[in-house]
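# Breakdown of the fold
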Amino acid sequence: MKVLRFIFTALITISLTTFLNIKYQDIPPLGKLLNPFSGIWANGEKESLSIDEIISHPNLQAEVDVVFDELLIPHIYAQNDNDAYFVQGYLTAYHRLWQMEMSVRATAGRISEILGEGALTFDRTQRRKGLTFGAERLLEEIKKDPESMAMLEAYTNGINAYINSLSFKSYPVEYKLVNFEPEEWTPLKSCIMMKSMANMLSSGESDLENTNAYRMLGPELFNKLNPDYFPGVDPIIPVGTEWAFQPEPIGIPDSTYPDITIKNTIEKPNPQNGSNSFVIGPSKTANGKVILCNEPDLAINLPSIWYVAHLSSPTMNVMGSTVPGMPGVIIGFNDSIAWGNTNAQRDLVDWYYIEFKNDLRDEYLYDNKWLKTEKRIEEIGILGGDTFYDTVVYTHHGPVTYDETFLGNGQKVNFSMRWTSHDPSLEYKAVYKVNRAKNYDDFVEAFTYFTGPPQNYSFGSVSGDYALWIHGKYPIKWKNQGKFLLDGRKRSHEWQGFIPREQNVHVKNDPRGWVSSANQHPADSTYPYYIYDHSFEFYRNRRINERLLVMNDITTKDLMELQNDNFNYIASENLPMMLDSLDSSQLVGVKLEYADLLKSWDYFNNPENKAPSIFEMWQDFLLKNAWDEFRSDSLALRRPRTYNSFYAMQNYPDLELFDIQETDKVETLTDIINLSFVQAVDSVENWKKETGKTIEWYKFKNTRAQHLARLDPFTVSEIKIGGNHNIVNAASTTHGPSWRMVVELGDGQVKAWGVYPGSQSGNPGNPLWGHMIEDWADGEYNELFFGSKDEIKIDQVVGQVKFQN
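Nothing here was measured: the structure is a model prediction, and the numbers come from that model.

Moving on, we get to the overall build of the protein chain. The secondary structure content of the protein chain amounts to 22 helices and 28 strands. The globule rule puts the C-alpha radius of gyration for 805 residues at 28 Å, and the 27 Å found for the protein chain is close to it. Considered along the principal axes of its C-alpha atoms, the protein chain spans approximately 75 × 70 × 65 Å. Surface accessibility of the protein chain: about 31000 Å² in total, with carbon and sulfur atoms responsible for 48%.

So this is what it looks like as structure tokens:
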């Protein structure tokens, strides 16, 4: 059935033409594409695993046995590290080659080569953010470290061995549809993949939007809407923690900023990117063991962001989620420890105004001196067009992303990007070491090599220790530094150095009996360094900690249920106020029906509940109407975040901004709440008419696992799952728990469970395409086999491969 579906969907993805053997504009040569022996039909697989039982390659030093379990997870049993990473590269490419290639192309700004001029602005943005520049500096450092370089080279050799084994017939179907061929893999591409993660997780900022808003609102109102801390903040490290160190000196603040505004800004990472992680110590678990839980909340794609693998060699025995294109295990466990991570929110990108000496842009002013620039000529190939040449100027801060040729409003606006991800670093050394870590000290030492994207790393061990460390490179800043556009002419606006690693926030064996992180503030205001980010979380973290506070005799099942918790904290705090503001005399018909439904709601966004559909739509209209001042065609602006918005409504209901600008009437917050309710009801009713569906939350929300190329026939839609962003089960329309993992450690043993919304295979024609989605949506987990090749049961095996020289 799936093979038939695949053939049908592939056919409707393209437009038929009579020119069967000629490429017509952007349509691939259809005679080749529709060839019954080598075209798209060849990608329909009858079995879930179609791979040779014996694979030989001269780069292998000894035999390697691979066992694929029923989830298609490869268990790689190698006699040395070289062979383990070689086979990891080969098998990852076997399942995910097209995904790997497209991820590199997107990060490096090379999409125009295959899709044409429509992708040029995207490609220029990626080049002007210096992603490949940062990857090159990462590779330079790796070359100085023999272990890291050997890992990258072996992994690269494995990928290329697979690529070289391909013919057109065996190309992933997406290559055939878009009509291009796989490129050779290189160690640089694995470094670009690392920068892809940094781009997704640490390049977010709102400096230029803040600059515009500060000028529009004035300092008093801006600060009222955007305080650094709110009362009741529940940080990662408990409130009241004493800091037993002497902080580094911080320079004298210089709050005179350039008086420059900008109309448009570059595309930012999705604000829903986040994660949850918590570790429960022996004192709170039912069996006295440590339990570590992790779920990165990222894009829900097909193929998935993650690929699960088990690597065994004389130096390591490690399993968990890997990123296709990157060697080693990124989130996982070994014989002794487990680790997970959440994104460590912090402002790591600052923009500096640059004054060039003249239009040649060969020199720029800094500290009353003219310094030399460097120029990087970016050649962007365009399918069906001429190569586009983009000159990107670099200062000591970084690339000049905004200028008169790119988002500079056609003026002489030159903004240079200072980002920690451009600095030399050695993240793969951290991956190498943590995969082999045996205890807490090894774990801490491994991540001394980790610069970014900074993460809140959770830790648990078989010895009973548990901990949380915020690992990464954080600039020392004076208060408000980097919140607004900085002056690149001033030495006083430079970063003040970096926080010593040992002074980064961390806790071991917390007396509460657990540690947790969910992208919230890392610490309270007593932490001696200035902390700022535009996107701290305020809801998931409080729900997790409130539940863990009252839970005892905790089991793995309890924590799986917590990972799938659908409680809507936003609604619990704000819906009563919203309902109290409604004009009851206007509640008739469907408006009365929906209001009554909300009044009886228990605040859980469960899949079949109808109230969440009404509330979420009402909330969306309310925030849009309340902050209409922030919708501007002439200024780049960002409206206050959800928590800030409701805090203002609860505490400053008479705020002058609570008025709809386009009307003659001076509205109140109550007026806006009532208007938004009417708009929400109308919108929901229109949706019902247009779709013919009822408003159960999972239908209305329509969580979907999207094919990376946005090919609808390969996308799984209307997944029956609850939750939403800002909920522990953070499954929104296209984002959510991209990998759920629970690991139990103790008595010298490790036991693990995991699930993600996808499948190991990246082939839409595979019978297991997306097969874990239903379990993921239902909150079901797969027990992960983690043993020797002799211990796996025959009914768990779907295939075996022997690699040899």
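Quick look at the side chain of T107 now. By the secondary structure assignment, T107 is in helix α3 (residues 81-108). A distance of 2.8 Å separates a polar side-chain atom of T107 from the backbone oxygen of S103. There is a polar contact of 3.3 Å between the side chain of T107 and the side chain of S196. Non-local contacts of T107, meaning those with residues more than four positions away in its chain, are made with Q126, L131, I192, K195 and S196.

Taking burial as the measure, the seven residues of strand β18 (residues 455-461) include seven buried ones, the bulk of the element. Alternating positions in β18 separate into two faces, Q455, Y457, F459 and S461 on one and N456, S458 and G460 on the other, with burial throughout. Here strand β10 (residues 337-343) pairs with β18 via seven bridges, running antiparallel. Counterpart to I337 in the pairing with β18 is S461. In this structure, β18 lies alongside strand β19 (residues 466-471), joined through six bridges in antiparallel fashion. Bridge pairing in β19 places N456 opposite I470. Where β18 folds back onto β19 in an antiparallel hairpin, the turn is made up of four residues, including G464, whose phi is positive at roughly 105°.

Okay, the sheet that holds strand β16 (residues 400-402) next. Read across the open sheet, the four strands follow the order β16-β17-β11-β20; overall the sheet is mixed. In the strand order of this sheet, the two ends are held by β16 and β20 (486-487), each with one partner. Direction of pairing for β16 relative to strand β17 (residues 415-419): antiparallel, over a ladder of two bridges. Each bridged residue has a counterpart across the sheet, and for Y402 the counterpart in β17 is F415.

What follows concerns the sheet that holds β10. With mixed pairing, the eleven strands of this open sheet are ordered in space as β1-β28-β2-β3-β7-β8-β9-β10-β18-β19-β21. Strand pairing shows two members of the sheet lacking a second neighbour, β1 (54-56) and β21 (506-508), which therefore form its edges. Adjacent strand axes in the sheet meet at a mean angle of 20°, parallel and antiparallel pairs treated alike. Pairing between β1 and strand β28 (residues 797-804): three bridges, direction parallel. Across the sheet, the residue bridging to S56 is Q804, located in β28. Sheet contacts for α3: β1, β2 (64-69), β3 (74-77), β7 (307-313), β8 (316-322) and β28; angle to β7, the most-contacted strand, approximately 160°.

Now for the pattern of salt bridges. For side chains of opposite charge, pairing can occur when their charged atoms come near one another. Considering all chains together, one arrives at 46 salt bridges under this definition. With a shortest N-O distance of 2.8 Å, K429 and E147 are connected by a salt bridge. Of the two residues, K429 sits in helix α12 (residues 427-434) while E147 sits in helix α7 (residues 146-164), which places them 282 residues apart along the sequence. In this structure E147 comes out as partly exposed when scored by relative accessible area, which is 34%. The partner of E183 in a salt bridge is K189, with the nearest N and O atoms 2.9 Å apart.

A cis amide bond links L302 with the next residue in sequence, P303, at an omega value of -5°. Relative to the assigned elements, P303 resides in the loop between β6 (301-302) and β7. Following G452, the chain continues into P453 via a peptide bond in cis, with omega recorded as 5°. Within the secondary structure, P453 is located in the loop between α13 (440-446) and β18. Phi is positive for N480, close to 75°, though the residue is something other than glycine. Residues other than glycine seldom take positive phi values, yet N519 does so here, at roughly 70°. Along the chain, the position of N519 falls in the loop between β22 (514-517) and α14 (540-550).

Rules and cut-offs
- Residues numbered from 1 in each chain as written.
- Predicted model: local features only at pLDDT ≥ 70, side-chain atom pairs only at ≥ 80, totals over all residues.
- Heavy atoms only, no water.
- Helix = DSSP H or I, 4+ residues; strand = E, 2+ residues; numbered from the N terminus.
- Rg over C-alpha atoms; globule rule 2.2 N^0.38 Å.
- Areas by Shrake-Rupley, 256 points an atom, 1.4 Å probe, with all protein chains shown as cover.
- Polar contact = N/O pair within 3.5 Å; in protein donor to acceptor, adjacent residues only side chain to side chain.
- Contact = heavy atoms within 4.5 Å.
- Buried < 20%, exposed > 50% of the residue type's maximum accessible area, 1.4 Å probe, protein only.
- Pairing = 2+ DSSP bridges.
- Axes fitted to C-alpha atoms, helices over the stretch in contact; angles between N-to-C directions.
- Salt bridge = Lys/Arg side-chain N within 4 Å of Asp/Glu carboxyl O.

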